[in-house]
Amino acid sequence: MGKMAPAVPTSQRTIYRLLKQSEATWGAAPALHQPNGDGTYRTYSFIDYRRHAEEAAAGLRSLGIHKGDIVGLASETRAEFYLADLGIMVNGSISAAVYTSLPPAEQVKTLKACNPKAIFVENPKTLKSLLAAGLSGFPVQLFLLSGEAPGATTFQSILDAGRRAIAADPALLPQIESEVLPHDYGILYLTSGATGEPKMGLVTHNAMLANCECGPPALPVGNNDCILAFLPSAHITQRLIVEILMLRMGVQVFFSEGLSKMPIELRSVRPTFFVAPPRVWERVYSSITTEIRKKPAFVRRLFYMGLGVGSEAARARQQGRNPSPWIQSSLKFFDAVVFSKIRQRLGGRLRIAASGSAPLGTDLADFYASIGLPLVEGYGLTEGGVVCLNPIGNPRPGSIGKPLVGADLRLDSDGELLIRGEMIFSGYYQDADSTAVVLRDGWLHTGDLAEFDEDGFLYITGRKKELIVSSAGKKIYPSRIEVLFKLEPLVNQILLIGDRMPYVTALVTISPQAAEQLPGVRAGLSLAELSQHPAVLEEVKRIVQKVNRQLASFEQIRRYKILDREFTMDAGEITPTMKLRRGKVLDNFRTEIGELYQGPEDYA
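Residues numbered from 1 in each chain as written. Predicted model: local features only at pLDDT ≥ 70, side-chain atom pairs only at ≥ 80, totals over all residues. Heavy atoms only, no water.

1. Regarding the overall build of the chain
Just so we agree on the cut-off: Strands are runs of DSSP state E lasting at least 2 residues, helices are runs of H or I lasting at least 4, and numbering of each runs from the N terminus. The globule rule used for comparison is 2.2 Å times the number of residues to the exponent 0.38, while the radius of gyration itself is calculated over C-alpha atoms. When checking whether two residues touch, look at their non-hydrogen atoms; a contact exists if any pair is within 4.5 Å. Accessibility throughout is a Shrake-Rupley quantity obtained with a 1.4 Å probe, and a residue counts as covered only by protein chains that appear here.
Counting secondary structure elements, the chain contains 22 helices and 27 strands. Taking 25 Å as the expected radius of gyration for a compact globule of 604 residues, we find that the chain reaches 25 Å, a close match to that expectation. Each principal axis of the C-alpha distribution contributes one length, and for the chain these read about 75 × 55 × 50 Å. Taking contacts inside the chain between residues at least 6 apart in sequence as the whole, the part at least 24 apart equals 66%. As displayed, the chain has an accessible area near 24,900 Å², and 53% of this comes from carbon and sulfur atoms.

Structure below.
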């Protein structure tokens, strides 16, 4: 791990003091690595990190951006984003990042809604698209993180102006530091809007740093570790964990050039810590199993025998006992011949592989535990911070872990998870009514339904707003059932239906890549053609029947519809964090859903 920075005293909790504390601890050690596009990186030390953030803050002051002003950020995750983001917060301004995966018109709508004094944009190409989508004419200063464009100030110009201002006034930085207080707002988060219209959540400097102090007791990482950053910086997992907590812990951050290059980057960067949503872990699993299916029969048998041995060893560890001598010796063989090669795809050095932002699924967790890469699942939300994590050495599949130090969690009478602690947000921007709904008597009402087991591990069972109550009064938790499909490469997305209806149905989308691996399916067919192919129909039927055998009769899927397209963000059906907007899907596929409830009831 290396040496650890001391915690910022509670009375002094600001991002600026965290930055100074980290620089004092690690100094010239590497902090950020930004790709140059040719396989090399520009590296920033902790000294550079602090200096550039100070210059950015002073430069913003010289351009009339002051404490309390909101500054927008429309950029993919990169080193310049980190420097600008911290510069904004060092200045006492409020940083508001938008999801760049949203259509440009939606980004502009969101940026306008937060009334920014200025907006950082990633590059001239992004700026051009935002201007064409409605940003043109909006009275706001425009800054570019990279490149040049008419009417926009370059980031380098801001840094240069800041450097001059600091040199001209030695009291400027101490003045800025003294002005910003722990209870001042630092970040304005945009929620993903999975169950309604997106809202802006205000978070103070104290809340961010209080949440960071949950990290050292639970996460054994330091400056000898490195992480690959690729998640959108508008999301709390990226912003809090991969940006601010890594600054607190001294972990080196390598920035990805995009999902298409990530498989190569994982092998070259060789991260020791990696955080990804379940979708990424599902794709890795799907890629592995698809390749295995193409191998000779003896290779397939070897792989699945190894999984059986690995599963038994993982189960023994979870139960606190040693695997049998036969399992231990067999595991050494399978690890050398099979599992180590799989882990090598992820760089071969991963000590901590974490999953968050959506339920992982027990079967998927079991697979990774079996190959010697147990996934550590946690829990957090924009309004509440990151408050749960599984034990690093022995995570419990299906659980989000145990509450972190400083986070007080309890269940309401209806099973809703409530959170109390310094890390929770202050409220929604200019929306007192919505704030009053979720913040009551000091407790954050998360909207998630949960349960504790006898050992204190917490399990999310569903969302209150997504709970299906059948016409017979039976309660059905769709997310618990949908997660059972995560190990099926053919099923890309699935959404359960059945509220106030006599039985459960589902809308299903399929993966073209997995469909083309089925016997009799030729390459090049459209998704519409694949959705009606006999081999696809038969395989989906088998999968649904397999899942149904794990469910109570009232939970079982009686009918389903294979759609001829995926759920998409453009159609409003997917959030920027890849969650389904159930209400929008139900609206868009009203006709197909109606057909599922016509005629007599039957089984899938």
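2. Thoughts on the side chain of Gln238
Which entries qualify depends on this criterion: Partly exposed describes any residue whose relative accessible area lies between the buried limit of under 20% and the exposed limit of over 50%, with all areas from a 1.4 Å probe on protein chains only and scaled to the type maximum. Under the rule applied, a polar contact is a pair of N or O atoms within 3.5 Å (in protein, one hydrogen donor and one hydrogen acceptor; residues adjacent in sequence only if both atoms are side-chain atoms).
In this fold, Gln238 is placed in helix α10 (residues 236-249). The class for Gln238 is buried, based on a relative accessible area of 0%. Here Tyr82 takes part through its side chain, which lies 2.7 Å from a polar atom of the side chain of Gln238. The residues contacting Gln238, other than those within four sequence positions of it, are Thr77, Tyr82, Ala229, Phe230, Leu231, Pro232, Ser233 and Glu243.

3. Remarks on unusual backbone geometry
In this structure, Arg270 takes a positive phi of about 55° despite not being glycine. Positionally, Arg270 belongs in the loop between α11 (262-269) and β12 (273-276). The class of Arg270 is partly exposed, set by a relative accessible area of 34%. Phi at Asp441 is positive, roughly 55°, even though this residue is not glycine. On the secondary structure map, Asp441 appears in the loop between β20 (439-440) and β21 (443-452).

4. A short note on helix α3 (residues 79-90)
Two residues of an α-helix separated by three or four positions point the same way, owing to the 3.6 residues in each turn. Rules: An expected span of 1.5 Å times one less than the residue number is assigned to each helix.
Helix length check: α3, at 12 residues, gives a terminal C-alpha distance of 16 Å against a target of 16 Å (1.5 Å per residue), a fit within 8%. For α3, every residue scored as buried is listed here: Ala79, Glu80, Phe81, Tyr82, Leu83, Ala84, Asp85, Leu86, Gly87, Ile88, Met89 and Val90.

5. Regarding helix α13 (residues 297-318)
An ideal rise of 1.5 Å per residue puts 32 Å on 22 residues; α13 measures up with 31 Å between its terminal C-alpha atoms. Gly320 sits one or two residues past α13 and shows a positive phi near 75°.

6. Some remarks on the packing of helix α12 (residues 278-293) against α13
Inclusion rule: Every axis corresponds to a line fitted to the C-alpha atoms, with the helix fit spanning only the stretch in contact, and the corresponding angles, defined between N-to-C directions, vary from 0 to 180 degrees. Should an angle lie under 35 degrees it is considered roughly parallel, over 145 roughly antiparallel, and from 65 to 115 roughly perpendicular; all remaining angles are considered oblique. Under the scheme applied, nonpolar residues are Ala, Val, Leu, Ile, Met, Phe, Trp, Tyr, Cys and Pro; charged residues are Asp, Glu, Lys and Arg; polar residues are all the others, including Gly.
Axis separation between α12 and α13 bottoms out at 9 Å; the angle between their running directions is 140°. One element, α12, and the other, α13, form an angle in the oblique class. Residues Ile288, Ile292 and Arg293 of α12 pack against Arg300, Phe303 and Tyr304 of α13. Of the residues belonging to the contact of α12 with α13, the class tally is four nonpolar, no polar and two charged.

7. A word on the side chain of Glu482
Along the chain, the position of Glu482 falls in helix α17 (residues 478-482). Ignoring sequence-local partners within four residues, the contact set of Glu482 consists of Ile494, Leu495, Leu496 and Arg582.

8. Section: the state of the cysteines
Let me state the cut-off plainly: Our working definition of a disulfide is a cysteine sulfur pair at a distance within 2.5 Å.
One pass over the structure, following the stated rule, counts zero disulfides. Here Cys214 stays unpaired: no disulfide links it, and the sulfur of Cys212, its closest cysteine neighbor, is 8.6 Å away. Unpaired in this structure, Cys226 has its nearest cysteine sulfur neighbour in Cys212, at a distance of 19 Å.

9. So, the sheet that holds strand β26 (residues 504-510)
Basically, it comes down to this: Strand pairing follows a simple DSSP-based rule, namely that at least 2 bridges must link the two strands.
With respect to topology, three strands assemble into an open sheet ordered β25-β26-β27, the strand pairing being mixed. Each edge of the open sheet is held by one strand with a lone partner, namely β25 (491-497) and β27 (557-562). Put simply, the sheet's adjacent strands are angled 25° from each other on average, direction ignored. Both β25 and β26 contribute to a ladder of six bridges, which runs antiparallel. Across the sheet, the residue bridging to Leu495 is Leu507, located in β26. Contacts from helix α20 (residues 534-548) reach β25, β26 and β27 within the one sheet, and its direction differs from that of β27 by about 150°.

10. Observations concerning the pattern of salt bridges
Pairing between side chains becomes possible if they bear opposite charge and their charged atoms approach one another. For the record, the criterion: Salt bridges are defined by distance alone: a side-chain nitrogen of Lys or Arg within 4 Å of a carboxyl oxygen of Asp or Glu.
Evaluated as defined, the whole model comprises 40 salt bridges. Between Arg345 and Glu291 there is a salt bridge whose closest N-O contact spans 2.6 Å. Of this pair, Arg345 sits in the loop between α14 (325-344) and β13 (352-355) while Glu291 sits in helix α12, placing them 54 residues apart in sequence. When salt bridges that share partners are traced, they join Asp48, Arg51, Glu55, Asp160 and Arg163 into one network.

11. Quick notes on the pairing of strand β9 (residues 200-204)
Across the five residues that make up β9, a large majority, five, are buried. Burial of the side chains of β9 extends over both faces: Met200, Leu202 and Thr204 are buried on one face and Gly201 and Val203 on the other. Across five bridges, the pairing between strand β8 (residues 185-190) and β9 is antiparallel. Bridging across to β9, Tyr189 finds its partner in Gly201. Here two bridges tie β9 to strand β19 (residues 427-428), and the two strands are oriented antiparallel to one another. Bridged to Gly201 within β19 is Tyr428.

12. Concerning the environment of Asp408
Tracing the sequence through the fold places Asp408 in strand β17 (residues 408-411). Sequence separation between Asp408 and Ile419 is 11 residues; the distance between their C-alpha atoms is 5.7 Å. If sequence neighbours within four positions are ignored, Asp408 has contacts with Leu418, Ile419, Arg420 and Trp443.

13. A short note on the nonpolar core
When a protein is soluble and globular, its nonpolar side chains tend to lie buried together. Formally: Here the nonpolar core consists of buried residues drawn from Ala, Val, Leu, Ile, Met, Phe, Trp, Tyr and Cys, with membership extended through side-chain atoms lying within 4.5 Å.
Counting residues in each nonpolar core, the largest one holds 146 residues, and the members touching the most others are Tyr49, Phe120 and Phe273. Among residues more than four places away in sequence, those in contact with Tyr49 are Leu19, Ala31, Leu32, Tyr82, Leu83, Leu86, Glu243 and Leu247.

14. Describing the packing of aromatic side chains
To be explicit about the condition: Any pair of Phe, Tyr and Trp rings, taking the six-membered ring for Trp, is counted once the centres come within 6.5 Å. Such a pair is stacked with planes under 30 degrees apart, edge-to-face with planes over 60 apart, and tilted for the rest. Look at NZ for Lys and CZ for Arg. If either is within 6 Å of the ring centre and within 35 degrees of the ring normal, a charge sits over the ring.
On inspection of all chains with the given rule, the structure shows 15 aromatic pairs. Their ring planes at 85° and their centres at 4.8 Å tell us that Tyr82 and Phe255 sit as a pair that is edge-to-face. In this pair, Tyr82 sits in helix α3 while Phe255 sits in strand β11 (residues 252-255), placing the two residues 173 residues apart along the sequence. Judged on exposure class, the residue Tyr82 and its partner Phe255 are both buried. Among the aromatic side chains, those forming a connected cluster through ring pairs are Phe230, Phe274, Trp281, Tyr285, Phe367 and Tyr368. Across from the ring centre of Tyr428, 5.8 Å away, lies the NZ or CZ of Lys199, which sits over that ring. The ring of Trp443 has Arg410 lying over it, and the distance from NZ or CZ to the ring centre is 4.5 Å.

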